[in-house]
Structures are given as C-alpha cells and as structure tokens.
Amino acid sequence: MAVELCLLLLLFCGSTISEVQPIYKPPPGTLDFGFVPAKTYDTGAYHEPGPIGILFKIVHAFLYVVQPNSFPQDLIRKLAQHKFGNTQGDYQKAIYYEIGFILSAALGLLFILLLPLVGLCFCMCRCCDNCGGEMHQRQKKNADCQRSCFATFLFVASLIISVGVLCAYAANQHLTNQVRGAKKLVNSNFKDLKIFLNDTPAQIDYLVSQYNTTKDKALSDLNNVGPLLGNRVQEQLGKEVRPALDAALTMAGAIRETKEALENVSVSVEVLQEGTERLHANLTDVKMHLSNTLNDSACSAAQAASTCNIIRNSLNQLNINANFSGLPGVSSQLAKVNDVLQIDLSSLVQKGYAAFNDTPDLVVNQTRNILSDIKNVLESIGSNITTFTKTLPVQKILADLTIYLTQSEAYVQDYFPVVEQYDFYRWLGCLILCCMVVLILVFYYLGLLCGTCGYDKHASPTTRGCISNTGGNFLMAGVGFSFLFSWVLMIVVVLTFITGGNVEKLVCEPFEDRTLFKVLDTPYLLNQHWKNYLSGILFKNPNINLTFEKVYSDCKENKGIYTSLHLEHLLNINEFLNISMYTEDVALKIEHIQINLSKIILLDEIGKENLLNFSSSGIEGINFAAYLTEINKSVTKVDLLSFANDLEARADQLPKGALENALKGHANNIRMIHNQQVVPLEQAMSTLNQSIRLLKRTSSELMVKVKNVISAVNAAQLLINNNASLVIVQETKKYMDTIVGYFEQYVEWVKESIAMEVAACKPIANVIDTAVDIFLCSYITDSVNTFWFGLGGSSIFLIPAIIFAVKLSKYYRRMDTEDVYDDTENGNNGYHKEHLYGIHNPVFTSSVEQW
C-alpha cells in the first residue's frame, strides 16, 4: 500500500507530458523557466573502509581462488522457480560451482574431527612415556642446530598466528564500529526520503506556475501584435513597396535638380555672352595699343626689329575662341519644370511612406477583437491547470507516506539499541575466540622467551635451570591449549566461511555488476503468471517492460521517478490536461485574423500626372551638342598668362628704354584682363558644363524612366490592394507558430524536468545501496570474511606450532635421565645407565611432566 501511495504521489508529475501533434516550430525566443527547486541529498551511498580495505581485497582475492566461477544465473533462476533438481545436471552444476567451498569446508571438518582425536591420542601416548613423554633426552652432535631451527620455526609460526589473530580482531572491531556508526547513515537515508516527499509538491507547483511564463510571453506578443505581425507584413510588402516609393522619391529629387540645372544654364549662358563681349572689346584695345607701340621708331633699330616683328605676328592670337551668343535658350523648359514643381511630389511620396508605415497600427486596430478571444483562451488554460492540480489528492498521499515513513523510522530507532546489544554479544564472542588464540600465543612466546634466556648449553639435560624448564612447560601448555581450542576455532571458521563466502559470491559481486538485477528481471521468475514482476506489482499489468535494473539505474542517475517507474501506465491524464487542444484553439483564432490594407495609398493620381508632366517638359529637346561644343572650347585662342609672360620675356631682350617699359605695361594689362574676365568666364563655363551634363543624363530616356516609376508604384499598390492577403496569411501563420512555439517550449521543458529533476529518485537507489552494498556487503560480509580469514589462518598454523613446540620443549625441560659417555680407544661411546647414573626426581615425574 505504501509503495502504491508513493507512486500515486508522483503520478501527476506527468500531467504535462501529453503527446502533442508535431507542428512547424519556427525558432521563437527562448523562454527562461528557471531551475526546478531541488534540495541536495545528504546520503553518499559509498563506503571507504580505510586501511582495513587492504585486508578486504586480500580476502576477495582468496575467495576468487577458492571460487573463480561466474555467477550461476541459470541455477538461481531454477531455484527461485522451484525447478531445481528437475534435471540431473542441476546438482552437478551446483557442486561444480561450490566445489571450492565444498573442498575447503571438507578440510575444515577434517581438521575439526582429527585434531581433537590426535590430541587425545597424543596425550595418552605421552602418559605412557611414548611420543616424547619419556623424560630422557639422547645427546646428539647437532642438538644445538635442531634446537635453533625448532625455535625459529615456532617463532615464525607464532608470528603468522599473531598476524591472523590481529586481522580477526581488526575485522571484529571494524564491524562493531560500523554498526555503531550506522545510525547516522540510516538517519541520513530517512532524511533524504523526507526531502523526497516534501519537495515533490513544491516542484510540481513550480512546473504549474511556470505556465505563467509561457502565458505572459504569449500575451506580450499578442499585445505587441502591431510591431510583431504588422512589421512582418510590412517587411514582406516592403520588398515591393519601398523600391517603388524610393524610385518616385528619387524622381522628385531629379525634378528639383533639373530645375536647378536649367536655372544654372540660363544664368551661365547670359553671363558668358556678356563676358565674352567685354573680353572681345578689351582684347581689341590691347591689340591696337600693342600695334601702336610696335610702330614706334625704336622697333626700327637693328637690335629690336626681329623681336618686334615676332610680337607683331602674334597679335592675331589675342581674340576670343568660344562663341556663346548663338546657343539656344532653355526658358521654355524651365517654365514647364516650374509648373511641375507647383505640386510637391516629395510630399506626396512621403504621404505614401507614412501610409505604408502605419501598417502595424492597422493590424492592431483590425485584430483587437480576435486578440481578446485568444487572451481569454490563455487564461482558461491556466485556470484549468490550476483546477486540475487542486483535484489531485496530494496532501492525503503525502500524509499517508509521511506517516508510513515516520513509523518505519521509529521502528528502526526502537530496534537499533537491540541491534547494538546483539552486536555487543557477537563482538564479545569473537573477542573470546581471539583470546583463545592469544592465550596459546602467550604460552608460546613465554616458552620461547624463558627457554631461550634460561638455556645453558654447558648444563646437562638433568641439570637444566628452572627458567629453561619453565619455558619448556609453557610450550607444552600452549600445545595442550591448542588441542583444546583449535577445533572450536575451526568450527566457527567453517561456518562463517561458508556463509560469508557465499554471500560475497552470490549477493555482493552480482549486485556490484548488476547481474543480480538481470536475474530478478527474468520473465516469470518471481511469479509464474507475470512476465515482468515489477510492473505486475505496480500497475497490475505484467506486460509493461519495467525492470529492476532499469529502475535502479535510472534512480542511480537521479532521474525523475515518473520516468524511472513509467508511471504514465498507472493513470493517463492527457485527456484531463491536453495542452495541444488549447493550442489548436489558439491557432484557429489566429488563423481567423483578417487584415485589410486597401486604405494605404502609395501615390495618388496627382502625383502620377505630375511625373508625366515632368517627362514632357522638353528637356530632352535641348541642343546638348551645341552647348558641349562651345563648353569644350577655351575662352581665348591663346592662354593670356602665357602670352603675357612671353611678351614680357621678349621685352627683356630689347634695349633698355621706353619700348621695353611699354611692352611690359601691355603684358601686365593682359594679365589683369585674364584675372578679371577670363577666370570668371571659365568658372561660368564649368557650371554650365555640369548643368548641361546633368540635364543630358536626366533627359536620357526620361519618358521610359517615368513610366517605369509609375508602373512600379502601380504594381506595389496592386500588391497591397489585391495580393496582400496572401502575404498576411503567410506572416500570420508564422506569427501563430511563434505563439504556439512558446507552449511547445513549455511542454518540452516540463517533459525534461519530469524526466530528470522532479521527484528525483536518488534516495531510493541510496536506500538499496545502503542496505545491500554498505550494510550487508561492506560492513557485515567483508568484516565476517576477514574475521574467518584471519582466525582460520591462525588455526591452521597451530598445527606446525604444535609440532615445533613439542620438539623444542625437549631441549628446554629438565630431564630425569641422560646419556653418559666413557672414553674408549675409538672415542667416546655413550651408554645408558638409568639406575646407576640417573638422578631420579619425583617432582618431575608428575602428571604435568608427562606432557
């Protein structure tokens, strides 16, 4: 019931994951929905054992040597389905898989059975003065070497036993420490589960509230329908309209430029005509005065005659070159252009621009009623979402789950002291087992210490010191306790080895590589009528492909529980909250938008007639060739400055006197005429040249240009009047897709949030990891396996320790009799005289000595 309540709590997270029909989505502005509120889970489902981890790895390696076979999936499946043993090969496979454990356990049982029996026989044998029980030691030449070897071997064996018992003690203490510290980890898991339950409603409320972000953006676009839709329509129509209006405006500028050019031509021609007349008169006077000067008697002199003749011959160059008096006037053309300019064509074109630029306002005015309906639809969507979420039994589900979780936590808290108490009993029992081994080691170490320190190699076996004798007794006491305790230790080792080893191989390792989940996901395994057990439990539909491995993996990755458990199969709420239905309503209302732009007049008939009047102004009838012919001529036949400079240079060639000065005066007069008359005439000619060429360009195919402008304006006007509806439909479709795209973004964001962020089920995976990976495997199984590994190693090495201790005690204990040697011709031959030379000591013939 609790599981179903948990699932129902998170079920309505999928309310917004309704399948939406794919529609064209232009790239709308990206909406920022923020981050789904989520708290951080405290539990770190990972255990680091610390330095003892090295022992754990050694034990794992040992278990791999004992049982290197892979996880027996088929056998486990048959066992779960109660089909194990139906075929003969099942037992063989099981034995093959467990052969390492079976052989090891068999050796342990053999140890348990034989060691007490051997100890009993050994004791009885020594009581009969056999098996080393006779208090007599034969003297051998290598006695010191044997004693040293036995002592060394016993010491090494004792060290190995010490290491083993230390490992066992460390594992025992590690398990206790982890059990005591497990309460914090358990509380952390319960805390995460409470966060999981408490945060889910807030996350759902956040998802619902973010519909307002979508709605506000849609409303913003609807309120700005003029700048958005109107500008789009204007932009599309502007591809035809703006070039036409630009051409008309350019033609209006050309009319003004034509008027200015005609005025410049008229003024320039008048200036040139007057100027050339004055220039001609002045040049005539200059020639006359120069001719009079050259007729002076001074020019008759031999030195001046040639120079004067040269000057006299060049006087014909002082004359005007261009004749502007014969150029036709442009007054008629100027008058017609002035008549055209009576109408301000630029103003008419600007009115067309203004009318076209009012398109967004026209869109706003003509869509006001439809946009009001769309806003009502958006408001109804939000109210429906809110109403539906309120109908979900969130609070009841939360209350039930919280109660169940609180009861579970209280149950754990109540029984945790009991667990700690039983763990204390376990710790005490294991400590007693370790103390048994420690007791044996104490006897061995004391025996080695006393025997080694008290041994006197000069003393005979019957005269050994008390310390040496005590060392031997300690060694025999250690042997006795070894026989008494070893079989008990081995029973514990075998039981923990079978249990811990199989748990490691059958639970921990397959859990780590998730093979265990694959077994659990076997169809019809846990229920012979269900293909998928998990979906059968949750949804009563075993055909849904919901596996333990997939759920665990998704929760491990902290995905949403809606995605992890496929909760859409439990309750389909698309029919209650289908956003696509509302977006269709929005789309239909937007499609009904009709915009009429026929009121836009780009250029009226007056403007068009004005253009035609300009084309018939007659500027194309101007004789541009005559103008250009005269303009291309120079003002005078000779450059007056060059003539003056040359005249002055020739005057310098004459003798000093009145003639030279007179010629230089004429040169200065010519320069003055150039500066005062020729230069202004050249400037007037330049202005005339520019104006004539401008008029020539303007008049070139003027009628065709004007007709093209009028045709472009008419075509643009026709587009607005007749074909604008197609453009409006296209742009309205794009505008609608933009609005609907906001809802698509919202749905996609909700789907992603539901899948990855809302009710992230990491705590569920943490609970499983805590229970199996940490508690069962890391805390218990690894510690138990290390305990039996250390204790088992110590128990096994008790056997060589017994042998070496018995052998070594003979060299430390005081004997009742000894070998006596006499000198012979061949050396010293020993012979035994027990009653003649032996010293009988009843103290050392006691039962303790018989060991």
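Quick look at the structure, then. (Residues numbered from 1 in each chain as written. Predicted model: local features only at pLDDT ≥ 70, side-chain atom pairs only at ≥ 80, totals over all residues. Heavy atoms only, no water.)

### Describing the state of the cysteines
Each disulfide is one covalent bond, formed between the sulfur atoms of two cysteines. Enumeration according to the criterion identifies two disulfides in this entry. Residue pairing for Cys508: its cysteine sulfur links by disulfide to Cys777, the two sulfurs lying 2.1 Å apart. On the S-S bond that ties Cys508 to Cys777, the torsion sits near -100°, and the link is left-handed. Highlighted residues: Cys508 in helix α14 (residues 466–512) and Cys777 in helix α25 (residues 762–796), separated in sequence by 269 residues. Of the two residues examined, Cys508 and Cys777, each falls in the buried class. Shown here is the disulfide that connects Cys555 with Cys761, its sulfur atoms set 2.2 Å apart. For the disulfide bridge between Cys555 and Cys761, the dihedral angle about the S-S bond is near -105°, and by the sign convention the bridge is left-handed. (Disulfide = S-S within 2.5 Å. Helix = DSSP H or I, 4+ residues; strand = E, 2+ residues; numbered from the N terminus. Buried < 20%, exposed > 50% of the residue type's maximum accessible area, 1.4 Å probe, protein only.)

### Looking at helix α20 (residues 605–615)
For α20, the set of buried residues is Gly607, Lys608, Asn610, Leu611, Phe614 and Ser615. Along the axis of α20, the buried positions cluster into a sector of 155°, meaning they face one direction only. (Arc of directions from axis to C-beta.)

### Some thoughts on unusual backbone geometry
Phi at Arg514 is positive, roughly 65°, even though this residue is not glycine. Mapping Arg514 onto the fold places it in the loop between α14 and α15 (515–520).

### What to know about the pattern of salt bridges
Per the counting criterion, the structure on display carries eight salt bridges. The salt bridge involving Lys194 is made with Glu409; its shortest N-O contact spans 2.9 Å. With Lys194 in helix α5 (residues 143–209) and Glu409 in helix α13 (residues 394–454), this residue pair connects regions lying 215 residues apart in the sequence. By relative accessible area, Lys194 is classed as partly exposed at 33%. Put simply, Arg426 and Asp423 hold a salt bridge, and the shortest N to O gap is 3.0 Å. Here the residue Arg426 and the residue Asp423 both occupy positions in helix α13, the gap between them amounting to three residues, near one helical turn. With a relative accessible area of 24%, Arg426 lands in the partly exposed category. Judged by its relative accessible area of 9%, Asp423 falls in the buried class. Several salt bridges converge on common partners, so that one network encompasses Lys550, Asp554, Glu557 and Lys559. (Salt bridge = Lys/Arg side-chain N within 4 Å of Asp/Glu carboxyl O.)

### Structural notes on the packing of aromatic side chains
Going through the model one piece at a time under the given rule, you end up with 21 aromatic pairs. When the ring of Phe443 is compared with that of Phe474, the centres are 6.0 Å apart and the planes differ by 35°; the resulting orientation is tilted. With Phe443 in helix α13 and Phe474 in helix α14, this residue pair connects regions lying 31 residues apart in the sequence. Phe443 sits in the buried class, given a relative accessible area of 16%. Judged by its relative accessible area of 23%, Phe474 falls in the partly exposed class. Relative to Tyr779, the ring of Phe775 has its centre 5.5 Å away and its plane inclined at 40°; by these criteria the two rings are tilted. (Phe/Tyr/Trp six-rings, centres within 6.5 Å; stacked < 30°, edge-to-face > 60°.)

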